[in-house]
Amino acid sequence: MKAEGHLTKAKEIKESMEKLLPDPEGKNVVAIVELSYGIILHLIAYGIETKYRQHLDTHVGLPKFLRELGEVKIAEDFERLDTFRQGRWYGGRGNGEVIKECLEIIQRVEVWTR
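Small disclaimer: the values here were computed from a predicted structure and weren't measured.

Q: Which residues make up the side chain of E49, and what are the values?
A: Within the secondary structure, E49 sits in helix 2 (residues 29-52). Within polar-contact distance, the side chain of E49 engages the side chain of H55 at 2.5 Å. Not counting residues up to four positions away in its chain, the partners in contact with E49 are M1, K2, A3, H6, Q54 and H55.

Q: Residue-level account of the pattern of salt bridges, with values.
A: This structure, assessed with the given rule, holds 9 salt bridges. With a closest N to O distance of 2.8 Å, D77 and R108 form a salt bridge. Placement of D77 in helix 4 (residues 72-90) and of R108 in helix 5 (residues 96-113) is noted, with a sequence separation of 31 residues between them. A relative accessible area of 3% places D77 in the buried class. Put simply, R80 and E101 hold a salt bridge, and the shortest N to O gap is 2.8 Å.

Q: Can you lay out the confidence of the model for the protein for me, pointing to particular residues and giving the numbers?
A: Taken as a whole, the protein shows an average pLDDT of 92; of its residues, 95% reach a score of 70 or greater. Element-level pLDDT for the protein is lowest in helix 4, with a mean of 89, against a maximum mean of 97 in helix 1 (residues 3-18).

Q: Give me the lowdown on unusual backbone geometry, citing residues and values where you can.
A: For the peptide bond that leads from L21 to P22, omega is -10°, which places it in the cis range. Locating P22 in the fold gives a position in the loop between helix 1 and helix 2.

Q: So what about the packing of helix 2 against helix 5? Which residues, and what values?
A: Between two packed helices, what matters for the description is the angle formed by their axes and the separation of those axes. The geometry of helix 2 relative to helix 5 is characterised by a closest axis approach of 9 Å and an angle of 15° between their N-to-C directions. One way to sum up the angle between helix 2 and helix 5 is to call them roughly parallel. Remark: the crossing between helix 2 and helix 5 carries left-handed chirality.

About the thresholds
Every chain's residues receive numbers from 1 upward, in the order its sequence appears when written. With pLDDT at 70 or above as the cut-off, local features in this predicted model cover only qualifying residues; side-chain atom pairs require 80 or more to be listed or tallied, and sums for whole chains, interfaces and linings still use all residues. Water and hydrogen atoms were dropped before computing side-chain values, which therefore reflect all heavy atoms in the structure. In this text, helices come from DSSP runs of H or I with a minimum length of four residues, and strands from runs of E with a minimum of two, each type numbered from the N-terminal end. Two N or O atoms form a polar contact when they lie within 3.5 Å of each other; inside protein one atom must be a possible hydrogen donor and the other a possible acceptor, and for residues adjacent in sequence the pair counts only when both atoms belong to side chains. Contact criterion: two residues are considered in contact whenever any of their non-hydrogen atoms come within 4.5 Å of each other. Any carboxyl oxygen of Asp or Glu that lies within 4 Å of a side-chain nitrogen of Lys or Arg is treated as forming a salt bridge with it. Each residue gets one of three labels from its accessible area relative to the maximum for its type: buried under 20%, exposed over 50%, partly exposed in between, using a 1.4 Å probe on protein chains only. Per-residue confidence from the predictor is given as pLDDT, running between 0 and 100. Orientation is described by lines fitted to C-alpha atoms, with helices fitted over the stretch in contact, and by angles between N-to-C directions that extend from 0 to 180 degrees. Orientation is classified from the angle alone, with under 35 degrees giving roughly parallel, over 145 giving roughly antiparallel, 65 to 115 giving roughly perpendicular, and any other angle giving oblique. By the definition used in this description, the sense in which the near helix is turned from the far one sets the handedness, with an anticlockwise turn below a right angle giving left-handed and a clockwise turn giving right-handed.

If you want it as C-alpha cells, here you go:
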C-alpha cells in the first residue's frame, strides 16, 4: 500500500470509530481500542513513508524500527496502545480513561504525520 492509501485507510477507520463515541457506559471500549490500533498502524506507516521514504510491512518490530529512526515518542505511544489492546482483548472491559488516552495518542500521531 502506498502512503496515501495508508492515510485514507486511517481516516476510514477513524470515521467508523467515531460512530461508537462517546461511550459513557464503556460498552465499546474493546472495539474502540482495536480501531485505534488500526488507525495508528496506518498513520505510522504513512508517516514513515512520507518522512523517511521507508516502508515496514508488519507491526512486528515497529517500536524498534521507530526508535532507530529517532521517533522515540511515537514508539512509546504505539507500545502504550498495544498494551491497552492486549489488556482489553484478553482482559477486562476497561473504562473511559483508556478511550481518552487512545484518542490522545491518535491526535499526537496525526500531528506527527504533518
